[in-house]
Amino acid sequence: MRIGILGTGNLATALATGWARAGHDITIGGRSTAAAEAIANRIGGTARPVPAVAASADAVLLAVRWDGVTEMLTAAGGPTGALAGLALIDPTNAVEHGVGVLQTEPARSAAEHVAALAPGAHVVKAFHLFPSQRWVTADAGPVTVAMCGDDERALDVVGSLVRDVGAVPAVLGDLDRVRQLEEVAGFVIGLAFAGVDPQSAIPTLPR
C-alpha cells in the first residue's frame, strides 16, 4: 500500500519503519522538512510537504501530539476534503501527561475531533495504547491493537497494517465507542505513572 505519514516523532518513525520493512510505499511530511527527509532516507521512503502527503495514498497516519492535531490536519488539507475517502489512522492520546485525564470535551472523543477536521475521511482509532518502541522491537511478543471505526474497508486496511507490524487487530466498535477506548489509554497511563503495571489490573481469560 501507499501510506502517508503526518508527523516525524517516535511513533511516526517506528510505524513508518515497520511498514517500509513490510514492503509498503511510505511518504512522510511534518513541520520539520529536515526530520521528514532524515526518516525517509533511513527507511527508503519519500519526504514531501505536508499538503502533498495524502496524494495517491491508500491510508494516512496522523502521528502528532494532541496539541498539534488541528494544525497538522489543516496543513494537510483535511478541512477542505484532501483526506476524503482515505483510511485516516488516529493514534493520538488527548490525555494529561503523567495523569491520564482526558482533555477532550465531555462526551466527545479525540477521534471524533479528528473526523470533524477531515470531512469524508474514514477515521480509525488504533495504535494509541503501546509505546513506539513496541513497533521496533524485533523479539517483542504478539499484542492486540484495539480499533474503532465506522467504515468496514478502512478497518480492513488498518487491520492489515496492524498485522504487518506483528500485532493482532481487534475491532471494538464504531466511532461512537471510541471514547471508551481512549479512556483505556488514560487508565493505562495513570497506572503506569503511579508505578503499577497496567496488565496486573486486567483479568486474564482462561485458555
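Keep in mind that what you see is a predicted model, and the values were worked out from it rather than measured. (Residues numbered from 1 in each chain as written. Predicted model: local features only at pLDDT ≥ 70, side-chain atom pairs only at ≥ 80, totals over all residues. Heavy atoms only, no water.)

J.: Would you mind going over helix α1 (residues 10–21) with me for this structure?
T.: Side chains three or four residues apart in an α-helix point the same way, a direct result of the helix having 3.6 residues per turn. Across its 12 residues, α1 extends 17 Å between first and last C-alpha, which sits within 8% of the 16 Å expected from 1.5 Å per residue. Most of α1 sits inside the fold, with 9 of its 12 residues counted as buried. Two residues or fewer after α1 comes Gly23, characterised by a positive phi angle close to 100 degrees. (Helix = DSSP H or I, 4+ residues; strand = E, 2+ residues; numbered from the N terminus. Expected span 1.5 Å × (residues − 1). Buried < 20%, exposed > 50% of the residue type's maximum accessible area, 1.4 Å probe, protein only.)

J.: What's the story with the pairing of strand β7 (residues 144–149) in this structure? I'm lost.
T.: Regular strands place their side chains on alternate faces of the sheet. Bridge count for strand β6 (residues 122–125) against β7 is 2 bridges, and the pairing is antiparallel. Bridge pairing in β7 links Lys125 to Cys148. Once you follow β7 into helix α5 (residues 152–164) and on to strand β8 (residues 168–173), the crossover reads as right-handed. (Pairing = 2+ DSSP bridges. Right-handed = clockwise from strand over helix to strand, strands pointing away.)

J.: Hey, could you run me through the UniProt feature "domain: Pyrroline-5-carboxylate reductase catalytic N-terminal" (unreviewed entry) in the protein in this one?
T.: If you check UniProt for "domain: Pyrroline-5-carboxylate reductase catalytic N-terminal" (unreviewed entry), the listed places come out as residues 2–93 in our numbering. The distance separating the terminal C-alpha atoms of residues 2–93 is 25 Å; by composition the span is 33% helix and 22% strand. (UniProt positions renumbered as here; feature names shortened; annotations may be inferred.)

J.: Would you take a moment to explain the packing of α1 against helix α2 (residues 33–43) for this structure?
T.: Each pair of packed helices can be described by the angle between their axes along with the distance between the axes. Two numbers describe how α1 lies on α2: the axes approach to 10 Å, and their chain directions differ by 30 degrees. Between α1 and α2, the angle is such that the two are roughly parallel. Crossing hand, α1 versus α2: right-handed. Residues Thr13, Ala16, Thr17 and Ala20 of α1 form the contact with α2, whose own contacting residues are Ile39, Arg42 and Ile43. Classifying every residue of the contact of α1 with α2 gives 4 nonpolar, 2 polar and 1 charged. (Axes fitted to C-alpha atoms, helices over the stretch in contact; angles between N-to-C directions. Parallel < 35°, antiparallel > 145°, perpendicular 65-115°, else oblique. Left-handed = near helix turned anticlockwise from the far one by under 90°. Contact = heavy atoms within 4.5 Å. Nonpolar A, V, L, I, M, F, W, Y, C, P; charged D, E, K, R; others polar.)

J.: Just to check I follow, could you spell out the sheet that holds β7 for this structure?
T.: Consider a sheet: its strands pair through backbone hydrogen bonds, and that pairing is either parallel or antiparallel. Spatial ordering of the open sheet is given by β3-β2-β1-β4-β5-β6-β7-β8, a layout of 8 strands whose pairing is mixed. Each end of this open sheet is capped by a strand with a single partner; those strands are β3 (46–47) and β8. Pairing geometry for strand β2 (residues 25–29) and β3, over 2 bridges, is parallel. Paired with Thr27 across the two strands is Thr46, which belongs to β3. Strands in contact with α2 are β2 and β3; relative to β2, the strand with the most contacts, it is inclined by about 165 degrees.

J.: How should the nonpolar core be read in this particular structure?
T.: In summary, soluble globular proteins display a tendency toward joint burial of nonpolar side chains. Among the nonpolar cores identified, the biggest contains 33 residues, and Ile5, Trp19, Phe127 and Trp135 are the most heavily contacted of them. Among the elements of the structure, β1 (2–6), α1, β2, α2, β4 (59–62), β5 (87–90), β7 and α5 are those that each provide at least two residues to this core. Discounting chain neighbours no more than four positions away, the residues touching Ile5 are Ala12, Ala16, Trp19, Ile26, Thr27, Ile28, Gly29, Val53 and Leu61. In this structure, Val50, Val64, Val69 and Leu175 belong to the second largest nonpolar core, which totals 25 residues. (Core = buried A, V, L, I, M, F, W, Y, C linked by side-chain atoms within 4.5 Å.)

J.: Is there a simple way to think about the packing of aromatic side chains in this case?
T.: Any pair of aromatic rings gets described here by the distance separating the centres and the angle formed by the planes. This structure, assessed with the given rule, holds 3 aromatic pairs. Plain terms: the ring middles of Trp19 and Phe127 are 5.8 Å apart, the flat faces sit at 75 degrees to each other, and that makes the pair edge-to-face. Placement of the pair is Trp19 in helix α1 and Phe127 in the loop between β6 and β7, with a sequence separation of 108 residues. Overall, the relative accessible area of 2% leaves Phe127 in the buried class. Between Phe130 and Trp135, the aromatic rings sit 5.9 Å apart at their centres with planes inclined by 75 degrees, giving edge-to-face as the arrangement. Look at Phe130 and you get partly exposed, because its relative accessible area is 26%. Three or more aromatic residues link up through ring pairs in this structure, and these residues are Trp19, Phe127, Phe130 and Trp135. (Phe/Tyr/Trp six-rings, centres within 6.5 Å; stacked < 30°, edge-to-face > 60°.)

J.: Looking at this model, I keep getting lost on the side chain of Asp90. Mind explaining?
T.: For Asp90, the location among the structural elements is in strand β5. Looking at Asp90, the relative accessible area reads 0%, which means it is buried. Within the structure, the side chain of Asp90 is placed 3.0 Å from the side chain of Lys125, a separation counted as a polar contact. Residues contacting Asp90, with those up to four places away along its chain left out, are Ala110, Ala111, Val114, Val123, Val124, Lys125, Ala126 and Glu182. (Polar contact = N/O pair within 3.5 Å; in protein donor to acceptor, adjacent residues only side chain to side chain.)

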